[in-house]
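# An overview of the molecular structure
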Amino acid sequence: MHVLVTGGAGYIGSHTVRELLKVGYRVTVLDNLSRGHKAVARIISGAEFIWGDIGERELVEEILRTREIQAVLHFAALSLVGESVADPARYYQNNVVKGIILLEAMRAAEVPYFIFSSSAAVYGEPVTVPIDEEHLCRPTNPYGATKLVVEEALRWYATAYRLKYISLRYFNAAGADSSGDLGEDHRPETHLIPVVLQAALGVRREVTIYGTDYPTPDGTCLRDYIHVTDLAKAHVLALQALVAGHPSSVYNLGNERGYSVREIIRTAEQVTGRKIPVVEGFRRPGDPAVLVASTRRMKEALGWRPQYSELATIISTAWHWLQRHTEGYADI
Ligand code: UDP
């Protein structure tokens, strides 16, 4: 089966391309390189890489038709909460407008299966923790709102048209492929684990803790960190299930464990054997105190089991990558 991975040169997309190839899919990647990395195409030799935009309807339709694509895994999106608050129009344009164009191209080319990169940001401030898929969706930032709009479109499209989809709501993706050649490289980097490790390495002066007065045991936010390879494997499972007749659905992906910012820093100090300079700062707008997933639904329905769920494993694979790529993919 031939699949299209949009955003396959990005962080979660590239790890998923690797897992798809391992189990025998033919893979074409479409990436506009706005956040992805050209070097990924050299590292992952088994896939075809096309540099283009999902908003180019004719290009997408042509790719789908000529390669007889049966499924699209859609990662190409902007995903920074702060950036989305500062420039919501850009998020609606990229994530919603272009997402709908992609679905239109799929409809025209009669591609039946769709796996969507969604986010815990669709829930907003949690009312109950752990958060299951029935939890109220009331996003507190444009990023989460744009993911929810596409999810809602998918629900209606699947009712009306020949489309089946699985939407995967990620909690905090982290870590890197155990081979050490794929990893996380965002410009600028804002995510906690890479920021902490850059401080350990000395390429960043310090880590600022965004808020120490949250109603949590140590005053810092709790997040559910999930290894990127576990996420990638979940996409393969979801695709296989969909093709085998599994109904359209929405699943959380996380580890069902919350770690505080201070716990992350402490574990990173243990893994790296280095002291990490820390500054205590103010809260970052839009950050809920606690985000922890219930992943019961995914485990029961699809038999998914995270294999790299230990925090030390997540951090050590990210450290392994960073030590070999101190400048990220620019090193290659
Ligand atoms: N965080 C922090 N300092 C940083 C980056 C993040 O204290 O330099 C905190 C942030 O407030 C949140 C957690 O770490 O509580 C995870 O943030 P990240 O940006 O990695 O992911 P998000 O939860 O926003 O998707």
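Rules behind the numbers
- Residues numbered from 1 in each chain as written.
- Predicted model: local features only at pLDDT ≥ 70, side-chain atom pairs only at ≥ 80, totals over all residues.
- Heavy atoms only, no water.
- UniProt positions renumbered as here; feature names shortened; annotations may be inferred.
- Helix = DSSP H or I, 4+ residues; strand = E, 2+ residues; numbered from the N terminus.
- Near = heavy atom within 4 Å.
- Polar contact = N/O pair within 3.5 Å; in protein donor to acceptor, adjacent residues only side chain to side chain.
- Areas by Shrake-Rupley, 256 points an atom, 1.4 Å probe, with all protein chains shown as cover.
- Contact = heavy atoms within 4.5 Å.
- Buried < 20%, exposed > 50% of the residue type's maximum accessible area, 1.4 Å probe, protein only.
- 1 Å grid on protein atoms, 1.4 Å probe; cavity = no way out; pocket = protein on both sides within 12 Å on 5 of 7 lines; lining within 4 Å.
- Points joined across faces, edges and corners; volume = space filled by probe spheres on them.
- Nonpolar A, V, L, I, M, F, W, Y, C, P; charged D, E, K, R; others polar.
- Pairing = 2+ DSSP bridges.
- Phe/Tyr/Trp six-rings, centres within 6.5 Å; stacked < 30°, edge-to-face > 60°.
- Lys NZ or Arg CZ within 6 Å of the ring centre and 35° of its normal.
- Axes fitted to C-alpha atoms, helices over the stretch in contact; angles between N-to-C directions.
- Parallel < 35°, antiparallel > 145°, perpendicular 65-115°, else oblique.
- Left-handed = near helix turned anticlockwise from the far one by under 90°.

What UniProt calls "domain: NAD-dependent epimerase/dehydratase" (unreviewed entry) maps, in this numbering, to residues 3-254. Across residues 3-254, helical content stands at 40% and strand content at 19%; the span's end C-alpha atoms are separated by 25 Å.

Our next topic: the site of the ligand. Taken together, 14 residues sit near the ligand, with Leu192, Thr208, Tyr210, Arg284 and Asp287 positioned nearest. Between the ligand and the protein, one listed contact pairs a nitrogen atom with a backbone N or O atom of Thr208 at 2.7 Å. Within the side chain of Asp287, a nitrogen or oxygen atom sits 2.5 Å from an oxygen atom of the ligand. Relative to its free-state accessible area of 510 Å², the ligand is covered by the protein chains to the extent of 89%. For the shell around the ligand, the secondary-structure elements that each account for two or more residues are helix H7 (192-201) and strand S8 (207-210). Among the elements that take part in the shell around the ligand, S8 stands out by supplying 3 residues, more than any other.

On to the side chain of Thr267, then. Mapped onto the fold, Thr267 is located in helix H9 (residues 261-272). If near-sequence neighbours (up to four positions away) are discounted, Thr267 is found in contact with Leu311, Ala312 and Ile315.

Moving on, we come to the side chain of Asn94. Mapping Asn94 onto the fold places it in helix H5 (residues 88-109). Residue Asn94 is classed as buried on the basis of its relative accessible area of 18%. Once residues lying within four places of it in the same chain are set aside, the contact partners of Asn94 are Ile54, Leu78 and Gly99.

All chains considered together, the criterion is met by 2 cavities of 30 Å³ or more. Quantified by volume, the largest cavity comes out at close to 70 Å³. As for the largest cavity, its lining consists of Gly175, Glu184, Ile193, Pro194, Leu197, Ala318, Trp321 and Leu322. Contributing elements (two or more residues each) for the lining of the largest cavity: H7 and helix H11 (311-324). Here the residues of the lining of the largest cavity are counted per class, giving 6 nonpolar, 1 polar and 1 charged. Empty space within the second largest cavity amounts to approximately 30 Å³. Class assignment of the residues belonging to the lining of the second largest cavity gives a composition of 4 nonpolar, 3 polar and 1 charged.

The strand order across the open sheet formed by 3 strands is S12-S9-S14, and the pairing between neighbours is mixed. Bordering the open sheet on either side are strand S12 (259-260) and strand S14 (290-291), each of which pairs with just one other strand. The pairing of strand S9 (residues 222-223) with S14 spans 2 bridges and is classified as parallel. Each residue of the ladder has a partner; that of Arg223, found in S14, is Leu291.

The tally for this structure, following the rule as stated, stands at 6 aromatic pairs. When the ring of Phe114 is compared with that of Phe116, the centres are 6.2 Å apart and the planes differ by 15°; the resulting orientation is stacked. Here Phe114 and Phe116 have matching classes, each one buried. An angle of 55° between the planes, with centres 4.8 Å apart, marks the rings of Trp321 and Tyr329 as tilted. The exposure classification of Trp321 matches that of Tyr329, with both residues buried. The residue whose ring lies beneath Arg155 is Trp156, and the NZ or CZ to ring-centre distance is 5.1 Å.

What follows concerns the packing of H7 against H11. Two packed helices can be described by the angle between their axes and the distance between those axes. Taken N-terminus to C-terminus, the directions of H7 and H11 make an angle of 55°; their axes are 10 Å apart at the nearest point. Classed by the angle they form, the pair H7 and H11 counts as oblique. Seen along the crossing, H7 lies across H11 with a hand that is right-handed. Here H7 contributes Ile193, Leu197, Gln198, Ala200 and Leu201 to the contact with H11, which in turn contributes Ile314, Ile315, Ala318, Trp319, Leu322 and Gln323. When the residues that make up the contact of H7 with H11 are grouped by side-chain class, the tally is 9 nonpolar, 2 polar and no charged.

The next point concerns the environment of Asp218. Mapped onto the secondary structure, Asp218 falls in the loop between S8 and S9. Once residues within four sequence positions are removed from consideration, Asp218 is found in contact with Thr212, Ser260, Arg262 and Glu263. Of note is the side chain of Asp218, whose polar atom sits 2.7 Å from the side chain of Thr220.

Further remarks concern the packing of helix H1 (residues 11-22) against helix H8 (residues 228-243). Following both chains from N to C, one finds H1 and H8 inclined at 55°, their axes separated by 8 Å at the closest point. Put simply, H1 runs oblique to H8. The two elements H1 and H8 cross, and the hand of that crossing is right-handed. Here Tyr11, Ile12, His15, Thr16, Glu19 and Leu20 of H1 come into contact with H8, specifically with Val228, Thr229, Leu231, Ala232, Lys233, His235, Val236 and Leu239.

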